[in-house]
Amino acid sequence: MTSSSTSHTTTPRTVEWIVTTQDAPWRPQEPMLFSAMDGMPNVIVDVMTPKQTVDGIGGCFNELGWAALGLLSDNDREAILSDLFTPGEGLNLSLCRMPVGANDFSTDWYSYDEVDGDFELEHFSIDHDRATLVPFIQAAQRYQGDLRLWASPWSPPTWMKTNGHYAAARPWDGSAVDNGIRDDQLGEEGTDMFILEDRYLETYARYFARFVKAYGDEGIRVEMVMPQNEFNSAQVFPSCVWTAEGLARFIAVLGPAMDRLGVKVFLGTQERPHDAQVETVLSDPAAGPWVQGVGFQWAGKGAIAAVHHAHPDLALYQTEQECGDGRNDWRFARHTWGLMRHFFLNGAQAYTYWNLALTEGGVSRWGWAQNSLVVVDPHTNTFRYTHE
């Protein structure tokens, strides 16, 4: 809603009113005339007590998203990128997320160094990303020159984990997915699947640093990292559970390594309503001083209010839009609006949508269907924008 005048409240003002419905987006309504009040209003907008500053809104760069866009003509793909990223014309997505290695919407599992025991990281390489994530991000940068990025891993290299596997759970029944995990490799919430030995912690911190430097060489600056995606969740796709105490041990090593590169460290992504886990890390004398913010997603929305109350000056990000079921329906768009409202009312300074683009149905390598802002039909090589 935009006003054509900012004159005194006793002067009538014409307000443009635009409505989006399930069947018709961005439909202008009859102009509304606001004049002097003659009674109690039913809406009061308080402009005298501003809350948090919003750093930005963005999405995540995933391999399957770039693969979907690659099915389109050059003109269609560029039009979509412009709509997503161009300031003043499109969504102006400006603060985006990227994975460190494989995530659940990668083409398959990979890390930047899968050579067992390579503590010197002699075999570290981001070559895999040069076919997907690097060109995806660089394409976005053409339209959003000031694009800001933060990153998190879904799993460390398998040789740094106690189970030696990228996942932590069996495939879902009926998914027809095979991740090759054995019973003795299954993970469990509340444990540490990373090998918490100094040599591994130090090597993993250097792994992050090599990632930041390698992407910097591609003209892609990573300004912030989180140590683990959903550190409580044992998943069929790349994942690694940590305890809060285990994360604190790693952040105590990661923090100085990132500080030398001018990169911030946030705690996240917190996907449980457990603010006590956040407090455990923040209160750790070796880890807490390095934590400059906290990221929340999914059920983590139940913890953000308590953390914001206890630490009103701490940066808080919503880190992953709940991803739906691949139907991209109006029902879930309404749910999305409620999520945005909840996070911003509770102090979030950034909001991250998840998949920017997927093919019809949105099914991942690991059999999980998700929503996206853009849906590509692989049979006709055409696209549509979703309600979200």
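The structure presented is a predicted model; accordingly, all values stated were derived computationally and were not measured.

Caption draft 1: The pairing of strand β11 (residues 291-297), seen in detail. The buried count for β11 comes to six of seven residues, which makes it a mostly enclosed element. As paired strands, strand β10 (residues 264-270) and β11 are joined by three bridges and run parallel to one another. Bridging across to β11, V265 finds its partner in V291. A crossover connection joins β11 to the parallel strand β12 (residues 315-320) through helix α7 (residues 304-310); in handedness this β-α-β unit is right-handed.

Caption draft 2: Representation of helix α5 (residues 244-259) within the structure. A rise of 1.5 Å per residue sets the reference length of α5, with its 16 residues, at 22 Å; its end C-alpha atoms lie 21 Å apart and thus fit the reference within 8%. Of all bends in α5, the biggest is about 30 degrees, found at I251. Of the positions making up α5, those classed as buried are A244, G246, L247, A248, F250, I251, L254, G255, A257 and M258. Contact partners of the buried residues in α5: α4 (198-217), β9 (224-225), β10, α6 (275-282) and β11.

Caption draft 3: Just the side chain of Q349, in detail. Secondary-structure assignment places Q349 in the loop between α8 (330-345) and β13 (350-355). Look at Q349 and you get buried, because its relative accessible area is 17%.

Caption draft 4: Quick look at the packing of α4 against α5. For the pair α4 and α5, interaxial distance at closest approach is 9 Å and the crossing angle is 40 degrees. Taken as axis vectors, α4 and α5 run oblique relative to one another. Regarding α4 and α5, the two cross each other, and that crossing is right-handed. In contact with D198, L201, E202, Y204, A205, F208, A209 and V212 of α4, α5 contributes R249, F250, V253, L254, A257 and M258. Of the residues belonging to the contact of α4 with α5, the class tally is eleven nonpolar, no polar and three charged.

Caption draft 5: Representation of a nonpolar patch on the surface in the model. Among the surface-exposed residues, V43, V45, V47 and M48 lie close enough to one another that they form a single nonpolar patch of about 480 Å² accessible area. Note that V43 resides in the loop between β5 (32-34) and β6 (56-60).

Caption draft 6: Fine view of unusual backbone geometry. Cis rather than trans, the peptide bond between G268 and T269 has omega equal to 5 degrees. Even without glycine at this site, W298 takes up a positive phi of about 50 degrees. Summarising the element assignment, W298 is placed in the loop between β11 and α7. The class of W298 is partly exposed, set by a relative accessible area of 25%.

Caption draft 7: Geometry of the nonpolar core. Counting residues in each nonpolar core, the largest one holds 100 residues, and the members touching the most others are F61, F85, Y112, F211, Y215 and M258. When residues of this core are assigned to their parent elements, the largest contribution, eleven residues, is made by α4. Of all hydrophobic cores here, the second largest spans eight residues; its members include L95, W150, M224 and Y317.

Caption draft 8: Geometry of the sheet that holds strand β14 (residues 357-359). With respect to topology, three strands assemble into an open sheet ordered β14-β15-β16, the strand pairing being mixed. In this open sheet, the two strands that pair with only one neighbour each are β14 and β16 (382-385). Ignoring strand direction, the axes of neighbouring strands in this sheet form an average angle of 25 degrees. Here four bridges tie strand β15 (residues 374-377) to β16, and the two strands are oriented antiparallel to one another.

Caption draft 9: Just the environment of F383, in detail. Mapping F383 onto the fold places it in strand β16. Between the alpha carbons of F383 and L71 there is a distance of 9.5 Å; along the sequence they are 312 residues apart. For F383, the residues in contact, after removing those within four places along its chain, are L72, D76, I80, V374, V375 and V376.

Conventions we followed
Residues numbered from 1 in each chain as written. Predicted model: local features only at pLDDT ≥ 70, side-chain atom pairs only at ≥ 80, totals over all residues. Heavy atoms only, no water. Buried < 20%, exposed > 50% of the residue type's maximum accessible area, 1.4 Å probe, protein only. Helix = DSSP H or I, 4+ residues; strand = E, 2+ residues; numbered from the N terminus. Pairing = 2+ DSSP bridges. Right-handed = clockwise from strand over helix to strand, strands pointing away. Expected span 1.5 Å × (residues − 1). Bend = angle between axes of the 7 residues up to and from the residue. Contact = heavy atoms within 4.5 Å. Axes fitted to C-alpha atoms, helices over the stretch in contact; angles between N-to-C directions. Parallel < 35°, antiparallel > 145°, perpendicular 65-115°, else oblique. Left-handed = near helix turned anticlockwise from the far one by under 90°. Nonpolar A, V, L, I, M, F, W, Y, C, P; charged D, E, K, R; others polar. Patch = residues over 30% accessible without salt bridge, like charges linked within 9 Å, V, L, I, M, F, W, Y side chains within 5 Å. Areas by Shrake-Rupley, 256 points an atom, 1.4 Å probe, with all protein chains shown as cover. Salt bridge = Lys/Arg side-chain N within 4 Å of Asp/Glu carboxyl O. Core = buried A, V, L, I, M, F, W, Y, C linked by side-chain atoms within 4.5 Å.

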